[in-house]
Each structure stands twice: as C-alpha cells, then as structure tokens.
Amino acid sequence: MFKRFVAASILTITASAVTVAAPDTFTQYKALSEAKGQKDRIALLKTATELLHSKTLSPEQLTYVLHRSALHLVRESQFEQAQQRLDQLKRHLQDFPNTNLQGKYHWVSGDLALLLGNNQSAEIHFRQAVARFKESQDVRMLSHAHRLLANVLSEQRDYFQAVSHVFQAKDAALKIEHVQLFYAALSTEARIYRDFKQFDKALDALNQKLQFQKQQPQTSLAHVSSTYFSLADIYQHLGDHDAALDALQKSYELDAQLNDKNYMGVSQLRIAQQHLHLSNIPAANLAAKKALNLFKEVNNTHNIGQALATKGQIKLANEEFAEAVNLIRTGLAKLHGSNNKQLHNRYQSFLGQALSHIHPQQAITLLTPLVDLVDEQIKIRTLTSLSYAHKQQGELALALSYQEQAFNYKQKLSEKDITARLEAKKLNSELGLKSLEVNALQAGLAEQQEDTKTRTVLLASAIIVLTNFLLLFYLYHLKRRRVMEKEAELLNQSLNLKQQLLADVSHELRTPLTVLKLNIEALEYNLTEDPKATYQVLQRRLDMLNTLIADIYELAQADTNNLRLEFETLQARALFDELLIAIGPIIESPDLQIDYHNQLSDSLQVECDISRLNQVFNNLARNSIHYTDKPGQIKISVFQQQHTIVCTFEDSSPGVNSDALGKLFDRLYRCDKSRSRDLGGSGLGLSICEKIIELHHGAIEAKHSDLGGVLIRFTLPIQHTRP
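Residues numbered from 1 in each chain as written. Predicted model: local features only at pLDDT ≥ 70, side-chain atom pairs only at ≥ 80, totals over all residues. Heavy atoms only, no water.

Our focus in this paragraph is the packing of aromatic side chains. By the definition in use, this model includes five aromatic pairs. Judged by centre distance (6.3 Å) and plane angle (40 degrees), the rings of Tyr-347 and Phe-350 are tilted. Within this pair, Tyr-347 and its partner Phe-350 are both found in helix α18 (residues 341–358), separated by three residues, close to a single helical turn. In this structure Phe-350 comes out as buried when scored by relative accessible area, which is 7%. Pairing Phe-617 with Phe-649 gives two aromatic rings, centres 5.1 Å apart and planes at 85 degrees, and the pair type is edge-to-face. One end of the pair, Phe-617, is in helix α27 (residues 610–626); the other, Phe-649, is in strand β5 (residues 644–652), and 32 residues separate them in sequence. (Phe/Tyr/Trp six-rings, centres within 6.5 Å; stacked < 30°, edge-to-face > 60°. Helix = DSSP H or I, 4+ residues; strand = E, 2+ residues; numbered from the N terminus. Buried < 20%, exposed > 50% of the residue type's maximum accessible area, 1.4 Å probe, protein only.)

Turning our eyes to something else, we now look at the pattern of salt bridges. In the structure shown here, the tally under the stated rule is twelve salt bridges. Lys-250 serves as the salt-bridge partner of Asp-246, at 3.5 Å between the closest nitrogen and oxygen. With a gap of four residues between them, Asp-246 and Lys-250 both fall in helix α13 (residues 241–258), about one helical turn apart. For Lys-250, a relative accessible area of 34% corresponds to the partly exposed category. For Lys-261, the salt bridge is made with Glu-297, and the minimal N-O distance between the two is 2.4 Å. Taken together, the residues Lys-261 in helix α14 (residues 261–277) and Glu-297 in helix α15 (residues 281–298) connect sequence positions 36 residues apart. Residue Lys-261 is classed as partly exposed on the basis of its relative accessible area of 25%. By sharing partners, the salt bridges in this structure join Lys-315, Glu-320 and Glu-323 into a single network. (Salt bridge = Lys/Arg side-chain N within 4 Å of Asp/Glu carboxyl O.)

Glancing now at the nonpolar core. Where a protein is soluble and globular, its nonpolar side chains tend to be buried together. Membership of the largest hydrophobic core comes to 72 residues, with the highest contact counts inside it found for Val-65 and Trp-107. Broken down by element, this core gets its largest block of residues, eight residues, from helix α8 (residues 139–155). Within the second largest apolar cluster, 42 residues are counted, among which are Val-606, Val-616, Ile-634 and Ile-688. (Core = buried A, V, L, I, M, F, W, Y, C linked by side-chain atoms within 4.5 Å.)

Turning next to unusual backbone geometry. Residues Lys-630 and Pro-631 are joined by a peptide bond in cis, for which omega reads -5 degrees. With an omega of 5 degrees, the peptide bond running from Ser-653 to Pro-654 counts as cis. Tracing the backbone through its elements, the reader meets Pro-654 in the loop between β5 and α28 (658–661). Of note, the phi angle at Ser-77 is positive, near 60 degrees, even though the residue is not glycine. When you line up the elements, Ser-77 lands in the loop between α4 (59–75) and α5 (79–95). Judged by its relative accessible area of 26%, Ser-77 falls in the partly exposed class.

Two elements in contact, α18 and helix α19 (residues 360–367), have axes separated by 6 Å at closest approach and are oriented at 155 degrees. Taken together, the axis directions place α18 and α19 in an arrangement best described as roughly antiparallel. As for how α18 packs across α19, the hand of that crossing is left-handed. Counting all contacts with α18, which are made through Gln-348, Ser-349, Leu-351, Gly-352, Gln-353, Leu-355, Ser-356 and Ile-358, the residues of α19 involved are Pro-360, Gln-362, Ala-363, Leu-366 and Leu-367. In terms of residue class, the contact of α18 with α19 is made up of seven nonpolar, six polar and no charged. (Axes fitted to C-alpha atoms, helices over the stretch in contact; angles between N-to-C directions. Parallel < 35°, antiparallel > 145°, perpendicular 65-115°, else oblique. Left-handed = near helix turned anticlockwise from the far one by under 90°. Contact = heavy atoms within 4.5 Å. Nonpolar A, V, L, I, M, F, W, Y, C, P; charged D, E, K, R; others polar.)

Let's shift gears to the pairing of strand β7 (residues 708–717). Of all ten residues that make up β7, eight are buried, and the element is covered over most of its length. Joining the antiparallel neighbours strand β6 (residues 699–704) and β7 is a turn of three residues. (Pairing = 2+ DSSP bridges.)

For sheets, the rule is that strands pair by backbone hydrogen bonds, running either parallel or antiparallel. Overall, mixed pairing links the five strands, which are arranged β2-β4-β5-β7-β6 in an open sheet. Looking along the sheet, the strands with just one partner apiece sit at the ends: β2 (592–598) and β6. Shown here is a sheet whose adjacent strand axes are inclined to one another by a mean of 15 degrees, direction ignored. For β6 and β7, the ladder comprises six bridges, and the chain directions are antiparallel. Bridge pairing in β7 places Ala-702 opposite Ile-712. Relative to β5, α27 is tilted by about 25 degrees, and along the sheet it contacts β2, β4 (632–641), β5 and β7.

The next thing to look at is helix α9 (residues 159–175). Its 17 residues place the ends of α9 24 Å apart at the C-alpha level, agreeing with the 24 Å of an ideal helix rising 1.5 Å per residue. For α9, the set of buried residues is Tyr-159, Ala-162, Val-163, His-165, Val-166, Ala-169, Lys-170, Ala-172 and Ala-173. Within two residues after α9, Glu-177 carries a phi angle of roughly 55 degrees, on the positive side. (Expected span 1.5 Å × (residues − 1).)

This is the structure in structure tokens:
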C-alpha cells in the first residue's frame with residue numbers, strides 16, 4: 001500500500017508540474033509503467049497524453065509511450081481510444097520498424113479484439129505476435145502470445161491446437177524460470193479443459209497452480225485471488241454452487257487485503273449470481289448491492305452497468321418485472337453494446353424476458369433479432385421468452401413454434417455435449433500418443449549415432465517384407481475367387497492382373513522407397529544436419545505406404561466377398577446431414593465455397609451401413625478438396641429420383657478429359673497432371689467407394705461437372721416410403 005501511495009503521489013506531481021523537462025517526465029513514466037504491483041493507470045494515461053503532445057520524444061520513446069498507453073487504455077476498458085492509439089502505433093512502426101515492438105503491437109491488438117469478441121481478428125494478431133517474438137527472441141512475451149493464442153483457439157473449439165500452444169507457453173515460462181507466466185499458462189490450460197468439458201483436468205491444473213503458489217515464499221495475493229476465482233468458475237460448470245461460493249469468498253477476501261475495489265466488486269457480482277442459482281434472493285441482492293457500491297467508488301462505468309443489470313436480473317428472478325426492466329435498461333445504457341456484444345446481448349435477453357410479462361409486444365420486438373445468436377444460454381432464454389410473449393398476445397401458433405424451437409435446441413445441446421465428451425476422450429488419446437512419440441524421440445536422439453544404421457535398415461526391411469506379404473495375400477485371394485468362376489479364364493486373367501498390379505504398385509512404391517533409401521543413407525553416413533527432421537520424413541513416407549497397404553487389403557476383402565456390412569434402417573434425410581457433419585473438419589477451408597443441398601423428405605428411409613457410407617463421404621470429400629484449385633467451389637446435393645436416393649459430389653476446375661472419366665474407379669489409375677495423386681492418397685479410394693456402393697445395391701459413376709471439375713454420382717435404393 002505504501003509503495004502504491006508513493007508511486008501515485010510521484011506520478012500526480014509529475015503530471016501536474018509544468019516545469020519538469022520532457023526527458024525527465026518520460027523516465028518517470030517508464031519507471032512507473034514498469035513498476036510491479038497495482039498501477040494508477042488514469043494518472044499514467046494523463047502523463048502519456050502530455051508526453052505525446054510535447055513533441056519532444058525520440059522515435060524510440062514515442063514507440064514506448066504509444067504501446068504502453070494503448071495497453072493501459074485496454075485495461076481501463078476505453079476500447080475506442082485504445083484502437084485509435086494502436087492505429088497511431090501501427091503508422092509509427094511503419095516509419096521506425098522494431099520487431100519486438102511490432103510483436104507487442106499485435107499482442108495488444110489481439111487482446112483488444114478478444115475483449116470485443118472478434119476472435120478471428122484476435123487469432124491473426126496473436127499468430128503475428130508469436131512470429132515477431134520468436135524473431136526477436138523475447139521468450140517472456142512469446143509465452144504471453146502462445147497463452148493468449150491458446151485462449152482464442154479454445155473459443156473456436158480447436159482444442160488440440162489450443163493445448164499445443166498452452167504447452168508451448170508453459171515451456172517458454174519454465175525456460176526463463178518465470179513463475180507468474182507459468183501460473184498464467186496453468187490458468188489458461190484449466191480454461192481450455194473447461195471449455196472442452198474436461199472439468200476434472202481443469203481442477204487438476206488449478207489445484208496444481210494453487211499448490212505452487214502456496215509453496216512460494218513471496219506469493220502475490222492478487223494471483224492467488226485469481227486462482228480461487230478460476231476455481232469458482234469450474235465449480236459453477238460442475239453445478240456445485242456452494243463450492244463456487246466458498247472459492248469466490250476467498251478471492252474476495254484476498255482482494256480486500258489488497259484494497260482492489262474493482263476486483264472486490266467483480267467477486268461480489270459472481271457471488272450474487274451463485275446465490276441466484278441457489279434461489280437465495282436476499283443474499284444475491286445484498287452481494288449485487290455491495291458490488292455496485294464498490295464500482296461507484298472507483299467510478300468504473302462499465303462494471304456499474306453490469307451491477308445494475310445484475311440487480312435487474314435478481315428482480316426478474318423475484319418476479320418484480322417492472323423494476324427489473326428499469327434496472328436492466330439503466331445498466332445496458334452504461335455497458336455500450338459495441339464494447340462487448342456478448343455481454344450486451346446477454347442482458348438484452350434478460351430485459352426481453354422481463355418485458356414478456358408486462359409488455360409482450362416490446363419483448364417480441366427486442367428479442368426477435370437475438371434468435372440467431374450462437375450463445376447457447378442466450379438463445380434458449382430468447383426462444384422461451386418469445387414463446388411466453390406470443391402466448392400473452394394470444395398468438396398461440398407462434399408461441400408453440402418458439403416453444404418447440406427451444407425444446408429442439410436444448411435436445412441438440414444435449415447431443416452436442418455427448419459429442420464433446422467423446423471428442424474429449426479422443427483428444428486425450430491423441431495427446432497421450434503425442435506425448436509417447438515425443439518421449440520416444442527424445443530418448444532415441446541420445447543414442448542415434450550408435451544405432452541409427454541398424455534401426456533404419458531393420459525398419460526398411462520390415463516394411464518391404466510386410467508389403468510383399470500383403471501383396472501376395474491379395475493376389476492369392478484374387479486368384480482363388482477367379483478359379484471358382486472359370487479355371488481356364490482365371491489363368492490368363494490372373495497372370496495379366498498380377499503383372500499389371502505389380503507394375504502399378506511398384507510404381508507407387510518407387511518414390512517413397514527411394515526417399516526412404518536416400519534418407520537412410522544420409523543417416524548412415526551422417527550427411528544430415530537435422531536427424532529429427534529426417535526421421536519425420538521417414539515417418540511420413542511410411543504412413544503413405546501403410547495407407548496403400550491398408551487400402552489394398554480392404555479391396556482384397558471386397559474381392560473375396562469378405563467385406564461384411566452391418567445394415568440398419570435409418571431416416572434418410574438425417575443420415576446425410578450426419579454424414580456431412582462428420583466430414584466438416586475435412587471440407588472446412590477459407591479458400592473453398594461449400595454448398596450443401598438436402599432435398600429429401602423426412603418420410604424416406606434407407607437400409608445401410610452408416611460407417612461404410614461415412615467412409616465413402618470421406619473419400620469423395622478428400623478427392624474434391626485435393627483436386628480442386630484454390631479458391632474453388634464444392635457442391636454436395638442429395639435428392640430423390642424415382643425409387644432411389646441420389647447423392648452427388650462436384651467440384652470446380654481442374655477437370656479430366658472424357659477418356660479418363662470411365663477409368664477413375666480403376667485401381668491405381670493415373671490421369672493427367674492437373675489431378676495428380678501426389679497428395680498422400682493411395683489411389684484406391686474411388687475403387688473402395690465403388691465396392692461399398694455396390695454392396696448397398698447402388699451404383700456410382702463419374703461425369704463432367706458444370707462447375708468445371710468432376711461430378712461423382714452414387715445412388716442408394718429406398719427401403720420404403722411412409723404415408
């Protein structure tokens with residue numbers, strides 16, 4: 001407290017003394033900006049304005065003041081002024097480049113975009129910040145940038161990449177032994193696991209952080225408070241509101257020791273919300289009142305608006321609708337929707353809910369634009385309130401429609417939650433495998449000069465033996481099937497097929513095996529500067545060989561009638577919608593326009609093996625992605641034609657000539673270079689698709705597309721039509 005009082009006093013004297021020379025003012029400004037502990041940002045911003053108007057700063061000093069003041073404006077929620085200051089900094093850096101400060105410009109810009117809810121812009125800025133800090137070798141800021149990029153990726157549900165970046169943030173913090181950065185990375189890790197509904201892992205990360213903090217001889221009370229605040233968030237997601245209240249109370253007590261009234265108010269707001277969950281209206285009202293008084297003391301308009309809106313939310317829970325409307329409207333006027341649209345929309349939905357009880361038409365006007373929002377809780381509250389408002393108006397059909405939408409959306413969220421948990425298990429498995437791979441690689445590097453030659457030769461030999469074995473296995477089954485049909489014809493056809501297949505497969509194997517041989521020789525004679533990268537090349541080529549072998553084996557099963565399907569009767573329209581969702585990660589690309597049209601009626605049913613149809617969709621989607629120039633277009637259509645269901649995949653240029661169309665389903669067929677197969681595929685995908693569709697008693701063919709590329713069309717028989 002004494003240090004902060006002295007710092008604030010010095011800054012006030014500095015800002016008000018007109019006789020102080022600009023260089024001295026800058027020196028004091030820099031010292032106070034970089035001082036540890038709580039800062040008087042308002043006074044710092046005043047001094048920064050005076051320095052910028054003085055016109056006496058050097059280019060380096062001007063860069064520093066623009067960056068620091070932009071950061072302080074963001075922290076004070078003065079977002080419009082912060083953006084103006086960042087624009088000034090960007091223009092200045094164009095004239096006076098500085099790699100590290102360019103990284104800091106992107107870091108603050110990303111932070112601002114994140115607060116404004118613009119995740120796409122935030123991701124771009126944080127990726128730029130990571131690149132600049134790597135270039136300038138600023139490990140401390142690199143850890144910051146990785147951590148914030150992880151936050152953004154988590155918001156975009158790219159959890160695997162998010163975890164990867166948060167691990168890099170932790171590694172960077174440990175490299176420079178920066179305890180606070182390591183704590184911040186642990187908090188982000190917990191937040192990512194929370195978003196991915198891995199609450200046990202989130203609690204583990206936060207408890208690990210709390211234990212580390214308690215073991216430190218000089219632990220910051222502010223950081224311990226932040227940990228308890230994060231623990232409360234996890235407990236809330238688990239539905240344990242009593243545990244959340246306990247953690248928030250500890251956070252509040254620590255903030256009170258620091259006399260940080262703004263954070264004390266934030267804790268009280270969250271305490272009020274927990275009491276609301278527990279239906280304790282008096283306690284919620286008392287906590288919201290405390291928060292409002294604290295925010296008024298520090299004159300934080302934004303948080304005052306939140307406190308007023310929360311008090312309105314409490315009135316709504318107590319069915320005091322008129323008072324709720326007045327309080328929420330007053331709070332919204334202070335929040336400014338442009339600063340945080342998600343928060344503004346949240347309280348708009350509460351306002352609409354209150355209005356639906358006393359002014360239903362106003363509620364309908366207010367809530368209708370919110371129906372298309374992606375926030376789950378806002379959407380459910382909006383649909384439910386619209387249903388009630390229309391019911392109040394006597395518009396029962398509309399009321400029923402919104403009620404059904406709310407019910408269906410809740411059901412969809414439930415299914416989505418199940419999917420997220422399954423994806424979480426998959427992510428855990430992938431992370432475990434990645435960890436094993438990294439550990440194995442690190443262990444192997446220590447002994448690479450001793451056993452590189454032996455291991456690589458054995459690996460290559462094993463691959464060659466396995467390849468020959470599977471090829472012989474395939475040829476054996478092919479020959480056996482043909483013998484059963486016609487012995488005399490089998491002899492000639494089997495021989496021709498064997499020769500052609502060996503030629504094609506040898507052609508497919510030549511390139512990866514050549515690469516394997518060259519890299520093995522490079523390792524053998526120590527000709528490579530990066531053995532780790534060489535091993536990665538070997539691994540990729542081995543994966544290509546493995547894909548080819550797996551596809552050959554699957555075709556062998558089909559040829560010998562050993563490819564079994566598990567048929568079930570499904571609703572056709574929903575089936576194709578699910579198949580499209582499954583290939584979503586494959587076809588999502590900013591350079592491709594994806595059009596999907598499902599014209600099937602809900603009454604149609606089809607008998608199929610959904611896993612095999614998913615395999616068909618995957619192969620066709622990958623073909624379209626790989627063989628379409630960027631930017632391009634992919635169109636997927638499903639419709640009924642007489643007694644069949646027709647599905648088409650078509651893409652934009654390049655296409656193939658007419659002679660090649662009929663051969664696209666041939667095994668290992670190569671067409672012209674514009675649709676080259678040098679993209680990691682085995683060249684057997686369309687052949688496998690053809691077999692699967694035939695086993696479904698359907699047909700598949702290739703045509704020219706009106707988009708300029710290729711159209712693949714397959715049909716499935718309709719089982720029956722319900723009246």
